[in-house]
There are 2 protein chains.
Amino acid sequence: MKPATIRDVALRADVSVASVSRVLTGAGPVTEATRRRVLEAVDALQYVPHSGARSLSTSKTNTIGVILPDLYGEYFSELIRGMDVAARAQGYHLIVSSSHDDADEASAAIRSMRGRVDGLIVLSPHLGAANLASGLAGRTPILVMNGGADEERASIVVDNHGGAVAAVEHLVAVGRRRIVHISGPTGNLDAEARMAGYVEAMAAAGLPTTVIEGAFTKASGHDAGLRLAGLAVQPDAVFAGNDNMAVGAMLAFQEAGLRVPEDVALVGFDDIPLASLVRPGLTTLKINIAETGRKALERVVRMAGSEVDTACEVVRPELVVRASSNLERPYGGAADLNRTDVQTPSLEGEKL
Amino acid sequence: MKPATIRDVALRADVSVASVSRVLTGAGPVTEATRRRVLEAVDALQYVPHSGARSLSTSKTNTIGVILPDLYGEYFSELIRGMDVAARAQGYHLIVSSSHDDADEASAAIRSMRGRVDGLIVLSPHLGAANLASGLAGRTPILVMNGGADEERASIVVDNHGGAVAAVEHLVAVGRRRIVHISGPTGNLDAEARMAGYVEAMAAAGLPTTVIEGAFTKASGHDAGLRLAGLAVQPDAVFAGNDNMAVGAMLAFQEAGLRVPEDVALVGFDDIPLASLVRPGLTTLKINIAETGRKALERVVRMAGSEVDTACEVVRPELVVRASSNLERPYGGAADLNRTDVQTPSLEGEKL
DNA sequence: TGAATCCATGTAACCGATTACATGACACAC
DNA sequence: GTGTGTCATGTAATCGGTTACATGGATTCA
């Protein structure tokens, strides 16, 4: 018992398939009588149009593909949420493909999207992924969101370097000197840009650098935190490559009996929702993640409408100071730091 | 400049489209010479098969659709993560469609999936959504995960009632008497089953009930918490309909100067990752969310392989006691509650 | 040598929609 | 009454693959 096709409907309504199509798509002229007969048949047969077939003949899928490295963590779920909201508003669907650990896997995923999507958003924070993507998807428009700002390709990139510099400058301003960086994984462009910003800002401040490599996960931040707590000379501040690791490190410090921020100040990156919910609240570099996702989707939809777009938009993260780097009596200077969120975590925007 | 089709490849390799197809799909016999010529042409033309067209002729999309009420919150992102991992393992894609607030919207979304997916997972916690879905999608297999356990349809449901009873019994066991429930939104089947469990268990314990309606969001839990803190006779325990609201309430209590768990004990539902990260750690009813998502996906894939499946699997949540309901010196009795997670939040499983 | 067998290949129908173009009915003006 | 224009409708090509079946060349066996 196969589902009804447009031909079944045409037969039953005693009209041609063209008329059925005209009624259903609203394109082209039909008499009221025809329309009624068609709709009756549709109802009787419980006909539902086959989107795949429709896509093939119109070469329009109303679907955007999203290529992610991994679905884990609030960063990506926030991003997807922003995209999803925008997609619904535009009448688009979202097809996600995640857990691509290397560039080859990502490019295979991109290829498998051919004929399935009208456009792609690629988040592959690996060198070369964007290049591999080029040409592979025919003329499918691609918007990249990896760290490698690539001219002449539509992209949205975060100013990782500037954000990292701001983080270090903030820690220096509140009197910290032994500032350690927990970095993201090697080969990840975002991670490397953040580390570079840290190194540069420390040099500018005349301070020595120490880097522990993490993996952007809470667990890796926790491990790093335990190692730091065990040192003879403990750091008085930690700048983590993202909020996930910062939270992991915070828990490790608390387990080890170190006080945050009294003994060690902590700064993250991203401003995931969790950052304002842990105690103490986490100072971080805020990216409006969902909003960025929304923008990305809207741009790629416009590109799917054959609008040319080769802009490289830079998202500048904003320093949000919470309790994790903010003493009642700082080591010196800067007593009037922005203390919003310390008492009232941001609960607004819950439903976007 | 249109992307190459299988006919272009056939022309260039000087073979028929059938041979090209045979080489590319691996089905059917081809000589080594033919295979080489085809692959050369594929390479030269940068040919990538058009999945949409392939789906149309094979009636196989290798895609599963997921219909969600809303993408917000860790519950759904965890669920999607579990599904995504399983989908990748099975060679499937995931197409998500969320923010369906009522049953009509959800059924429209289901219809729009026709011809796009091999199966559907529907999470629409509204009465009747499952029924509306029936027949609408032709013979597309559907697995429902809403609260309304519907016989003769494949489904996965959480034992909300049993979980709620366990929550109340736990609070009673640690000596609490004035136990308030913050419920989920009216019309949400999960919310209503949890409330029913609360009411029943309270009655069984001979205690009076108080219910404040929330909306499953942190903000609504926060509002409810503030109202409770302002009462003349404050509750000594709160059972929230989900972890999101429990966390919101926890923050409200802390702002109001109430101590958790000393003044008021707190229990949530779901065990989202956040539950183990707030301080105090949140006692909750654990559903292995990602794991449930994985199972759902695997079942629907089997159903897409025309395996008959009308089972209704019940997920029984497990009480996880953390510090939010666990005093050093409980009001009386039960001193040796399980204290795992209090010091060491679960960081394992970070990468699944 | 001729018949039977095998197997790589090609031809063309098909999946289920959309749509360019042809058709034919009808109205209107001359 | 004929020519012309309008407009609803139908026919058939098309999108880009897969695949049942036909074909024909080489191999095998008598």
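Model, not experiment: these values are computed from the prediction.

**Considerations on the sheet that holds strand β6 (residues 179-183) of chain A**
Residues and elements named next belong to chain A.
- Read across the open sheet, the four strands follow the order β7-β6-β8-β9; overall the sheet is parallel. Because the sheet does not close on itself, it has two edges, and the strands there are β7 (210-213) and β9 (265-267). Averaged over neighbouring strand pairs, the angle between their axes works out to 20° when direction is ignored.
- The sheet contact formed by β6 and strand β8 (residues 237-240) spans four bridges and is parallel. Looking at the pairing, V180 lines up with V238 of β8.

**Brief notes about the sheet that holds strand β8 (residues 237-240) of chain B**
Residue and element names in this part refer to chain B.
- Taken in spatial order, the four strands make up an open sheet running β7-β6-β8-β9, and their pairing is parallel. What marks the edges here is a single partner per strand, and that holds for β7 (210-213) and β9 (265-267). Taken pair by pair, the neighbouring strands of this sheet meet at an average axis angle of 20°, ignoring direction.
- Of the strands in this sheet, β6 (179-183), β7 and β8 are in contact with helix α9 (residues 189-204), which crosses β6 at around 165°.
- Running at roughly 150° to β6, helix α10 (residues 218-229) makes contact with β6, β7 and β8 of the sheet.

**Focus on the interface of chain A and chain B**
- Listed per partner, the contact involves 58 residues of chain A and 58 residues of chain B.
- Taken together, both faces of the contact between chain A and chain B bury some 5500 Å²; the carbon and sulfur share is 58%.
- Connecting chain A to chain B are two salt bridges.
- Between R88 of chain A and E105 of chain B there is a salt bridge, and its shortest N-O distance comes to 2.5 Å.
- Inspection of the region where chain A meets chain B yields 22 residue pairs in polar contact (both at pLDDT 80 or more).
- Elements that contribute at least two residues to the side of chain A that touches chain B include exactly α4 (51-58), α5 (74-90), β2 (93-97), α6 (103-111), α10 (218-229) and α11 (243-255) of chain A.
- Considering every element that reaches the side of chain A that touches chain B, the biggest residue donor is α5 of chain A, with seven residues.
- The residue inventory of the side of chain A that touches chain B, partitioned by class, reads 22 nonpolar, 20 polar and 16 charged.
- Summarising the sheet, β2 of chain A and strand β2 (residues 93-97) of chain B pair through three bridges and their orientation is antiparallel.

**Structural notes on the relation of the copies chain A and chain B**
- Once turned by 180° and shifted 0.1 Å along the axis, chain A lies on chain B with an RMSD of 0.1 Å. Both copies of the chain, as the preceding transformation shows, are related through a two-fold rotation axis. If distances are taken from each C-alpha of chain A to the rotation axis, the shortest is found for I95 of chain A, at 2.1 Å.
- An overlap of 100% is found between the interface residues of chain A and their copies at the interface of chain B, pointing to a shared contact surface.

Calculation notes
- Residues numbered from 1 in each chain as written.
- Chains lettered and ligands numbered in written order.
- Predicted model: local features only at pLDDT ≥ 70, side-chain atom pairs only at ≥ 80, totals over all residues.
- Heavy atoms only, no water.
- Pairing = 2+ DSSP bridges.
- Helix = DSSP H or I, 4+ residues; strand = E, 2+ residues; numbered from the N terminus.
- Axes fitted to C-alpha atoms, helices over the stretch in contact; angles between N-to-C directions.
- Contact = heavy atoms within 4.5 Å.
- Buried area = accessible area lost by both parts, 1.4 Å probe.
- Salt bridge = Lys/Arg side-chain N within 4 Å of Asp/Glu carboxyl O.
- Polar contact = N/O pair within 3.5 Å; in protein donor to acceptor, adjacent residues only side chain to side chain.
- Nonpolar A, V, L, I, M, F, W, Y, C, P; charged D, E, K, R; others polar.
- Least-squares fit on C-alpha atoms with pLDDT ≥ 70 in both.

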